[in-house]
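# Descriptive structure summary
Here's the letter readout for the chains.
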Amino acid sequence: MKQWLKDAVFYEIYPQSFYDTNGDGIGDLQGIIAKLDYIRDLGCNALWINPCFDSPFKDAGYDVSDYKKIAPRYGTNEDAAALFRAAHEKGIRVLFDLVPGHTSEEHPWFKASCKPGHNEYSDRFIWTDSCFASGDGMPFIGGETERNGTYILNFFKCQPALNYGYGKINQKWQKPTDDPACVATVEAMKDVMRFWLDMGCDGFRVDMASSLVKNDTKNKKYTCKIWRNIRDMLDVEYPEAALIAEWNGPRMSLKNGFDMDFYLEWGGNGYSWLMRNYDGAMDSNPHNIGKAYFCKNSGTGIDKFLDEYLPAYKATHKDGLWCFITCNHDTIRPSAGLTVEELRLAYATLFTLPGAPFVYYGDEIGMRYLPLPTKEGGYFRTGSRTPMQWDASRYAGFTAPDAATEPWIGVNPNHVEISASEYANPFNKGAYVNKLDFVILAALEVDVNFNCNVVTGSDGVITGAQGGHPDTAAGAKCTIVITPLLQGRIPAVCTDVTTVTTPGETVDVVITDYGIAINPRRQDLIDCMRESRVKLPF
């Protein structure tokens, strides 16, 4: 694993909603550059920027019309290069969002593929051999081109699927993954990656990484082979470049070329039970809330999370990082189902679990989900993409209050009460995750072994940390660091516990006002917590 990932804390930016510097109502790359100090001061040292390539924005940029051109509304390729340089000067890495599974229907590759005569791009996308043919179980479009065939879609009508081949071939128009046309698609995507890496990009978050090959095996045999091939290229040409998969399958992704994978919100899975577990998300109307583990009175045990998480973690922790998100551009902000205090604890826990944590822009100040009509293909996701709330002024400081053009999407009216300007006070109790939280959590250098040396101030609040990796003998006493505010309030769930607040101690458990972290190597403690269904009193 890359050394820089061991203490990486990511901040996800939805570029059109972050900061507008030219008054056109749309965030831009210069806006990200202008806010790098803010991001660094949070304790974040890496960025994931949602797609900023040229696009008709029928799916918010996940419909790419030119992989090698920054969308004019965000700026220029020169602005991207300037962003890489400025971020690196501040010790911040930058990952772009790569969309390898499909393009926009307006991409030149697809336009050429639509022509009836054979050319270089005829097989760059998946086509049937008749204008009346179905897609063999896949969505398809016919009757819109001169070519005698229908083309396969990945999601929206505007997103024709790139051709990486088929694992199991059922139709004569389907190609194996080693067909020259499918190999050419892989090479074309490598070329895109090289273009941005050469400019200064530090890697990619890969959209729908598991879905390249159609009719793949259960374990994604053929898709995994492609990613191993791409990793081989990166290891030789760009050894520090990082890849994170939108996969939620660490046993496959982390063993086949990816440095990181996301633990994503899938209805009823462990992450859902931990953070959300409400109905109506797809209808922009979350309800039946209060069932997640972090809901104070839910009665839900941590086992629903641990039963799924621990086996996958144990199987993959030597291969890479399975990462937690506070939220992302595809999910309803968790403030829909958690109170301020519940969110503080939830976020703090995520930051002390193994993996690189990802903060979605605005979650650090408690931005809330706003039910809105769909915009740029957002549908239920639109309400999690509202402009960043920088201050209480008109348009929330996202764009100038006297700008001639309103923001591309509505600003949440609560920006008068919830904004980044309040963040200047590190003890602001109105924020879900304030500066003190980030100082505490970012200071913990926690890697897959989950050991850390903790340094506390005179009041017991953690002020720094240094990584440590001592061997913990089975049955040894557990060393805990705890803040004075919680002295006497922690349940005695295990008998072999020594509570200390000595600076520099190597510890197995960290407990603060904001959360608790347990060393996974202390399975006895984990089992004890699970069996007793302990609910910590904060």
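Residues numbered from 1 in each chain as written. Predicted model: local features only at pLDDT ≥ 70, side-chain atom pairs only at ≥ 80, totals over all residues. Heavy atoms only, no water.

Under the criterion given, the structure shown has 25 salt bridges. For Glu265, the salt bridge goes to Arg276, with nearest N and O atoms at 3.8 Å. Of the two residues, Glu265 is situated in the loop between strand E10 (260–262) and helix H8 (270–275) and Arg276 in the loop between H8 and helix H9 (303–316); the sequence distance between them amounts to eleven residues. You can call Glu265 partly exposed: its relative accessible area is 23%. A single network of salt bridges, built from pairs that share partners, joins Lys2, Arg231, Asp235 and Asp259. (Salt bridge = Lys/Arg side-chain N within 4 Å of Asp/Glu carboxyl O. Helix = DSSP H or I, 4+ residues; strand = E, 2+ residues; numbered from the N terminus. Buried < 20%, exposed > 50% of the residue type's maximum accessible area, 1.4 Å probe, protein only.)

What follows covers the side chain of Ser65. Topologically, Ser65 is positioned in the loop between strand E3 (53–54) and strand E4 (66–70). Within polar-contact distance, the side chain of Ser65 engages the backbone nitrogen of Ser55 at 3.3 Å. Sequence-distant contacts of Ser65, that is, excluding residues within four places in its chain, are made with Asp54, Ser55, Pro56, Ser104, Glu106, His107 and Pro108. (Polar contact = N/O pair within 3.5 Å; in protein donor to acceptor, adjacent residues only side chain to side chain. Contact = heavy atoms within 4.5 Å.)

The next thing to look at is the layout of surface pockets. The space that makes up the largest pocket amounts to roughly 820 Å³. Considering the residues around the largest pocket, the lining is formed by 31 residues, among which Glu246, Glu265, Asp330, Phe380 and Arg381 are closest to the centre. Within the lining of the largest pocket, the residues separate by chemical class into 14 nonpolar, ten polar and seven charged. (1 Å grid on protein atoms, 1.4 Å probe; cavity = no way out; pocket = protein on both sides within 12 Å on 5 of 7 lines; lining within 4 Å. Points joined across faces, edges and corners; volume = space filled by probe spheres on them. Nonpolar A, V, L, I, M, F, W, Y, C, P; charged D, E, K, R; others polar.)

Take the packing of aromatic side chains next. On inspection of all chains with the given rule, the structure shows 39 aromatic pairs. Between Tyr293 and Phe294 the ring centres are 5.2 Å apart and the planes differ by 65 degrees, which places this aromatic pair in the edge-to-face class. Through pairs of rings, three or more aromatic residues link up here, namely Phe53, Tyr67, Phe84, Phe96, Trp109, Tyr121, Phe195 and Trp196. The cationic tip of Lys35 hangs over the ring face of Trp390; the distance from NZ or CZ to the ring centre is 4.0 Å. Here the basic side chain of Arg73 rests over the ring of Phe57, its NZ or CZ set 3.5 Å away from the ring centre. (Phe/Tyr/Trp six-rings, centres within 6.5 Å; stacked < 30°, edge-to-face > 60°. Lys NZ or Arg CZ within 6 Å of the ring centre and 35° of its normal.)

Take the nonpolar core next. Ranked by internal contacts, the top residues of the largest apolar core, which has 124 residues, are Tyr11, Phe96 and Met260. At seven residues, the largest contribution of residues to this core is made by helix H5 (residues 180–199). When sequence neighbours within four positions are dropped, the list of residues in contact with Met260 reads Leu5, Phe10, Leu95, Ala242, Leu243, Ile244, Ala245, Leu254, Leu321, Cys323, Ala356 and Phe358. Of all hydrophobic cores here, the second largest spans five residues; its members include Ile152, Ala161, Tyr166 and Trp173. (Core = buried A, V, L, I, M, F, W, Y, C linked by side-chain atoms within 4.5 Å.)

So, about the packing of helix H3 (residues 77–89) against H5. Close contact between H3 and H5 brings their axes to 9 Å; oriented N to C, the two are set at 55 degrees. If you check the angle between H3 and H5, you find them oblique. On the side of H3, the interface is formed by Asn77, Ala80, Ala81 and Phe84, while H5 contributes Phe195, Trp196 and Met199. Among the residues forming the contact of H3 with H5, the class breakdown is six nonpolar, one polar and no charged. (Axes fitted to C-alpha atoms, helices over the stretch in contact; angles between N-to-C directions. Parallel < 35°, antiparallel > 145°, perpendicular 65-115°, else oblique.)

Looking now at the confidence of the model for the protein chain. Residues of the protein chain with pLDDT of at least 70 account for 78%, and the chain-wide mean is 83. Of the regions scoring below 50 in pLDDT, residues 424–477 engages in 150 contacts with residues more than four places distant in sequence or in other chains. Long-range and interchain partners of residues 481–505, a stretch whose pLDDT sits below 50, account for 71 contacts in this model, where long-range means more than four residues apart. (pLDDT = per-residue confidence, 0-100.)

Now for helix H6 (residues 221–237). The end-to-end C-alpha distance of H6, which contains 17 residues, comes to 25 Å, matching closely the 24 Å that a straight helix rising 1.5 Å per residue would cover. Every buried residue belonging to H6 is among Thr223, Cys224, Ile226, Trp227, Ile230, Arg231, Met233 and Leu234, and all of these are buried. Against H5, strand E8 (203–206), strand E9 (242–245) and helix H7 (250–253) lie the buried residues of H6. (Expected span 1.5 Å × (residues − 1).)

In this section: the sheet that holds E10. The eight strands are arranged E11-E10-E9-E8-E5-E2-E1-E12 in an open sheet whose pairing can be described as parallel. The two strands at the open ends of the sheet, each matched to only one other strand, are strand E11 (321–323) and strand E12 (358–360). Taking each pair of neighbouring strands and ignoring which way they run, the sheet shows an average axis angle of 25 degrees. With three bridges connecting them, E10 and E11 associate as parallel partners. When the sheet's bridge partners are listed, Asp261 is paired in E11 with Trp322. (Pairing = 2+ DSSP bridges.)

The subject of this paragraph is the pairing of E8. Residue alternation in E8 divides its side chains into two sets, Gly203 and Arg205 and Phe204 and Val206, and both sets are buried. Sheet analysis places strand E5 (residues 93–98) next to E8, joined by three bridges and oriented parallel. When the bridges of E8 are listed, Leu98 appears paired with Val206. Relative to E9, E8 runs parallel, the two sharing four bridges. Note that in E9 the partner of Phe204 across the bridge is Leu243. Read from E8 through H6 to E9, the crossover connection turns out right-handed. (Right-handed = clockwise from strand over helix to strand, strands pointing away.)

Turning our attention to H3. In a regular helix each residue adds 1.5 Å, so 13 residues correspond to 18 Å; H3 covers 19 Å between its end C-alpha atoms and thus fits that length. Listing the buried residues of H3 in full gives Asn77, Asp79, Ala80, Ala81, Ala82, Leu83, Phe84, Ala86 and Ala87. Here the buried face of H3 lies against helix H1 (29–34), helix H2 (36–42), strand E2 (46–49), E4, E5 and H5. Two to three positions downstream of the cap, the backbone nitrogen of Glu78 sits 3.3 Å from a side-chain oxygen, assigning the N-cap of H3 to Thr76. Gly91, located one to two residues past H3, shows a positive phi value of around 75 degrees.

What follows is about unusual backbone geometry. The residue Asp136 is not glycine, and still its phi comes out positive at about 55 degrees. Relative to the assigned elements, Asp136 resides in the loop between helix H4 (108–113) and strand E6 (140–141). Accessibility expressed as a relative area gives 24% for Asp136, which makes it partly exposed. One non-glycine residue, Asn248, adopts positive backbone phi at about 60 degrees. Tracing the backbone shows Asn248 in the loop between E9 and H7.

Turning our eyes to something else, we now look at the environment of Lys111. Counting through the fold element by element, Lys111 comes out in helix H4. Sequence separation between Lys111 and Thr145 is 34 residues, and the spatial gap between their C-alpha atoms is 9.2 Å. Residue contacts for Lys111: discarding those within four places in its chain leaves Glu105 and Glu106.

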